[in-house]
There are 2 protein chains.
Amino acid sequence: METSATIAAARSLFGDRLSLNQTIRETHAHGEANAANTLPDAVIFPETTGEISQLLALCHANRTPVTPFGAGTSLEGHVTPVAGGISLDLTRMNRILAVNDADLDGRVEAGVTRKQLNTYLRDHGLFFPVDPGADCTIGGMCATRASGTNAVRYGTIRDNVLGLRAVLADGTIVDTGGRVRKSATGYDLTRLLIGSEGTLGIITEIQLRLYGIPEAIGAAVCGFATERGAIDAVIEIMQTGIPVARIEYADPDQMAVSIAYSKLDLIAQPTLLFEFHGTARGVAEQAAMAEAITAAHGGQSFAFATETEARNKLWQARHDAYWAARAAFPGHGAFSTDTIVPISNLAEAMEQARESVTASGLRACIVGHVGDGNFHVLILYPDTADGAARAWALDREIVGQALDLGGAASGEHGVGIGKREFMMREHGASALAMMRSIKSALDPRGILNPGKMFLD
Amino acid sequence: METSATIAAARSLFGDRLSLNQTIRETHAHGEANAANTLPDAVIFPETTGEISQLLALCHANRTPVTPFGAGTSLEGHVTPVAGGISLDLTRMNRILAVNDADLDGRVEAGVTRKQLNTYLRDHGLFFPVDPGADCTIGGMCATRASGTNAVRYGTIRDNVLGLRAVLADGTIVDTGGRVRKSATGYDLTRLLIGSEGTLGIITEIQLRLYGIPEAIGAAVCGFATERGAIDAVIEIMQTGIPVARIEYADPDQMAVSIAYSKLDLIAQPTLLFEFHGTARGVAEQAAMAEAITAAHGGQSFAFATETEARNKLWQARHDAYWAARAAFPGHGAFSTDTIVPISNLAEAMEQARESVTASGLRACIVGHVGDGNFHVLILYPDTADGAARAWALDREIVGQALDLGGAASGEHGVGIGKREFMMREHGASALAMMRSIKSALDPRGILNPGKMFLD
Ligand SMILES: Cc1cc2nc3c(=O)[nH]c(=O)nc-3n(C[C@H](O)[C@H](O)[C@H](O)COP(=O)(O)OP(=O)(O)OC[C@H]3O[C@@H](n4cnc5c(N)ncnc54)[C@H](O)[C@@H]3O)c2cc1C
Ligand SMILES: Cc1cc2nc3c(=O)[nH]c(=O)nc-3n(C[C@H](O)[C@H](O)[C@H](O)COP(=O)(O)OP(=O)(O)OC[C@H]3O[C@@H](n4cnc5c(N)ncnc54)[C@H](O)[C@@H]3O)c2cc1C
């Protein structure tokens, strides 16, 4: 790989937007919670799709690896340039290109972050619902097939992208999808790129679905006698078709640390958090229906809040779940699992995970996007020689349990480096071979984010 | 292509489920509203995925074309075996394999039809929302990326499939997706197969999302002074976030024939039909909100009905729109366009289409899944030597208008043979080349439904 030739030629294209600085290379060597084992040879900050096209043609010719970099918040080593080469930082491509109120759609460059977008949309009375816990880029969210607490009602990023502009390995610029709500013409290239983790193309622009900010928003919190009761309530709420916008679970361990951290006047017991969107009457009716169902499953204290402040406090506590756990265990590292199972197996999956935690001697809190069957075990491990390895082993065990229960190795964080070993078990040899043949067809020289998604 | 060798070998596998009968070959030579120009050499009725795998390995070895056949209701020549070979009829694979009430999911074989499925689901209190106008197979719906009147609320088939089992060109059996609601591991093979029109693989089993039958259903109909007023009302209803389950438009021409055919006590003017799903109170509130918005846009007669009979009469009339038009024009052929545009361009697109109809001297009715911006011009052409050609030319013109307005050549019917010529204009050379390279990677010998999707 003639990386030096690529860098020399790229310098004339990018000038001082190509950096060899050690610190910049180090910050581009890892995502959240990973160490930097390998550095990129250079970091490049493109500003247009055309520039990326020129660069990729060059990298393709020279077989130089390219790893796209958004906000670097991914959790499975996605952005680590394991084969060196170029780290392509999209954050200067952060223009909001269009918002169409009548069509409830908009277009952004890949480096726009979700908070930037929602701040911008507020004046339009619109919002974009996909909300991972970090302030990541929309391009990164597409690449990892991200979701968040709103997915149970609004879907994941997959459901909220109408089309993409992307640069393929050889520099070809493609436009996929379009502005229409649905289309029945041709292969779904948009969905192929979503979740491809930078291995099939560099996403540069995204056409998004947007939503009107609901007239009314209500929140509720409800403690339960048992975890099973809480999950059974979730199942019945989904069956009843109550259009909950969010339905999140926190286990007693998580509640204990969150109560301390966020000064909540709640009890450390299995707890569901709700958010309802609709008209004022609709929200009240949804809450009343949810309350009746929770009561039938051992719900003990359904507290409903429509005032912004009370709502925000509750959801801020949910968003701070990670920090609450870290604060409770100073000197510990933290590591989040991300499994998903059919909801009928969710209580079982969480019980098995908790047994494994106990057996491991580590500590953990469980939170979950339970409407989808997705939950995270936040593993807290001591800062000892083998601490991280023990956490890692525990994560492997929990993933195995989810797969045995008909689940997936990741509900939202993605594969990156960390979940590659489960791809065969989850998808089987045939599907994996099908993925690899698509990869070979579209990136025959393997320059796009090598070492990710597939075990070599 | 050694089709005779394939047939000889297949006979030992399928016995009398391999047919050379002329009539059977003729019924498998065309979909709805197409003539049979080429016949398959044989029609095969498999009963298991394993049998299809064996057959495809054979076809692959002998380079024999295979065209999957569901209910044969597709409208763009999809099932016509232009290169001869095998027509693979999936209708014997019509078992409903699983329904999981807690998970709101189910699994069916590809030959199950949507009516069969919904009849079965009724006892579970569940339904499957994707509802094309014909009683097609779920496999065919996946293959064409079908949708229908419920798409505005529940999405298209794309949004309601969790996973697939499929047989690839060389006989490999793949399982894509799974039972989980969302997953962030690996390329989205499920969405790649959805809409691939039998050109990438034979779908044999489908894991579906299901929904609880709503507590209450309400219908409404509202006439408008102008078409623009009706469309503006739709835009505002969508912006307001009223979760309408269906919002359909019929123009005065369609209303005139439907009033006559279905004996409706309505006026032949621009008309919206609504369906609302929810609680009894929620449905009433949705209807009241929709009514207020329609009134602000020249809506003249908002009539709301919750009783099953009145609702059914209204929606039956919508479903019979096609037959009403045909009855009004005896001795005419009928041909449906299927364009979609961003909703802000919908009124313009329908106006342009109507001008083209007038200029053509043909007659037409317009109906639309207007919440999505999708509309059909039902062209009625005289049974003369050039009648069909004039209808065809008019269709081309209307597709061109939609593409100029940022739309797609098909919202739901698909590409087949009829829309191939628009693929370049809609998707551009790069995206089309990307599709072709995927096709070549997965079906290197081009045996799966040759002659469709791409112009040669
Ligand atoms: C505290 C915390 C909470 C989180 N909560 C959630 C959550 O609730 N849900 C969730 O889904 N995730 C969550 N995440 C994970 C993370 O935020 C997501 O994976 C996010 O989508 C990553 O976006 P990013 O911009 O940071 O991408 P990066 O980390 O920069 O990159 C991620 C991957 O995408 C590729 N990539 C980035 N941009 C592009 C592009 N333009 N074109 C092609 N490939 C590209 C990269 O090469 C890499 O493989 C959380 C992370 C943290 C730290
Ligand atoms: C009156 C009428 C109304 C209609 N209304 C609508 C509508 O509202 N919305 C809409 O979307 N469509 C509509 N259609 C079109 C048609 O019903 C759809 O395209 C439907 O999805 C076709 O399903 P089918 O089972 O009939 O498939 P077929 O016509 O048998 O096949 C369609 C295509 O899919 C392929 N195929 C079929 N089964 C499989 C399989 N198991 N694996 C791989 N490929 C397969 C075939 O090779 C072919 O390319 C309508 C048609 C009619 C006649």
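The structure presented is a predicted model; accordingly, all values stated were derived computationally and were not measured.

Rules and cut-offs
- Residues numbered from 1 in each chain as written.
- Chains lettered and ligands numbered in written order.
- Predicted model: local features only at pLDDT ≥ 70, side-chain atom pairs only at ≥ 80, totals over all residues.
- Heavy atoms only, no water.
- Helix = DSSP H or I, 4+ residues; strand = E, 2+ residues; numbered from the N terminus.
- Rg over C-alpha atoms; globule rule 2.2 N^0.38 Å.
- Buried < 20%, exposed > 50% of the residue type's maximum accessible area, 1.4 Å probe, protein only.
- Contact = heavy atoms within 4.5 Å.
- Areas by Shrake-Rupley, 256 points an atom, 1.4 Å probe, with all protein chains shown as cover.
- Least-squares fit on C-alpha atoms with pLDDT ≥ 70 in both.
- Near = heavy atom within 4 Å.
- Polar contact = N/O pair within 3.5 Å; in protein donor to acceptor, adjacent residues only side chain to side chain.
- Nonpolar A, V, L, I, M, F, W, Y, C, P; charged D, E, K, R; others polar.
- Core = buried A, V, L, I, M, F, W, Y, C linked by side-chain atoms within 4.5 Å.
- Buried area = accessible area lost by both parts, 1.4 Å probe.
- Salt bridge = Lys/Arg side-chain N within 4 Å of Asp/Glu carboxyl O.
- Phe/Tyr/Trp six-rings, centres within 6.5 Å; stacked < 30°, edge-to-face > 60°.
- Lys NZ or Arg CZ within 6 Å of the ring centre and 35° of its normal.

Visitor: Kindly report on the overall build of chain A, identifying the contributing residues and their values.
Guide: A tally of regular secondary structure across chain A gives 15 helices and 19 strands. Radius of gyration (C-alpha) of chain A: 22 Å, near the 23 Å computed for a compact globule of 456 residues. Referenced to the eigenvectors of the C-alpha coordinate spread, the extents of chain A come out at roughly 65 × 55 × 40 Å. Among the 456 residues that make up chain A, the fraction classed as buried is 62%. Across chain A, every contact between residues at least 6 apart in sequence was considered, and the portion connecting residues at least 24 apart equals 72%. With an accessible surface of roughly 15,600 Å², chain A has 52% of that area assigned to carbon and sulfur atoms.

Visitor: Please give an account of the relation of the copies chain A and chain B that cites residues and values.
Guide: When chain A is brought onto chain B, the operation consists of a screw motion whose angular component is 180° and whose axial shift is 0.0 Å, with 0.0 Å RMSD remaining. Both copies are brought into coincidence by an operation consistent with a two-fold rotation axis. Most of the interface of chain A is mirrored in chain B: 100% of its interface residues are interface residues there too.

Visitor: Before we move on, could you go through the site of ligand 2 and cite the residues and values that matter?
Guide: Residues and elements named next belong to chain B. If you check the shell around ligand 2, you find 34 residues, and the closest are P68, G70, T73, S74 and T137. In this structure, G133 approaches ligand 2 through a main-chain N or O atom, which is 2.9 Å from a nitrogen atom. One nitrogen or oxygen atom from the side chain of T144 is found 2.8 Å from an oxygen atom belonging to ligand 2. Isolated, ligand 2 exposes 980 Å² of accessible area, and the fraction of that covered by the protein chains is 94%. Broken down by secondary-structure element, the contributors of at least two residues to the shell around ligand 2 are β3 (66–69), α5 (138–144) and β10 (202–209). If you tally residues by element for the shell around ligand 2, the top one is α5, at five residues. Among the residues forming the shell around ligand 2, the class breakdown is 15 nonpolar, 16 polar and three charged.

Visitor: Tell me about the nonpolar core, and please be specific about residues and values.
Guide: Ranked by size, the top nonpolar core spans 124 residues in total, and within it A:F128, A:I206, B:F128 and B:I206 carry the most contacts. Every residue in contact with B:F128, bar those within four places of it in the chain, is listed here: B:L117, B:N118, B:L121, B:I138, B:M141, B:I157, B:N160, B:L208, B:R209 and B:L210.

Visitor: Pulling in residues and values, what's your account of the interface of chain A and chain B?
Guide: Listed by partner, the interface residues are 77 residues for chain A and 77 residues for chain B. Interface of chain A and chain B: buried area, both sides summed, is about 6,200 Å²; carbon and sulfur atoms make up 60% of it. On the chain A side of the contact with chain B, A:K182, A:Y187 and A:M434 bury the most area, a combined 16% of that side's loss. Joining chain A to chain B, the criterion identifies six salt bridges. Ionic pairing is found between A:R281 and B:E285, a salt bridge with its closest N-O pair at 3.7 Å. One can count 28 residue pairs in polar contact (both at pLDDT 80 or more) joining chain A with chain B.

Visitor: So what about the packing of aromatic side chains? Which residues, and what values?
Guide: All names here are of chain A. Counted according to the given criterion, the structure contains 18 aromatic pairs over all chains. Arranged with centres 5.8 Å apart and planes meeting at 80°, the rings of F335 and W392 form a pair that is edge-to-face. You can see F335 sitting in strand β16 (residues 332–336) and its partner W392 sitting in helix α14 (residues 387–404), a full 57 residues away along the chain. On the accessibility criterion, F335 (18% relative accessible area) is buried. Grouping aromatic residues by their ring pairs yields a cluster made of F274, F276, F302 and F304. Sitting over the face of the ring of W392, R396 holds its NZ or CZ atom 3.7 Å from the ring centroid.

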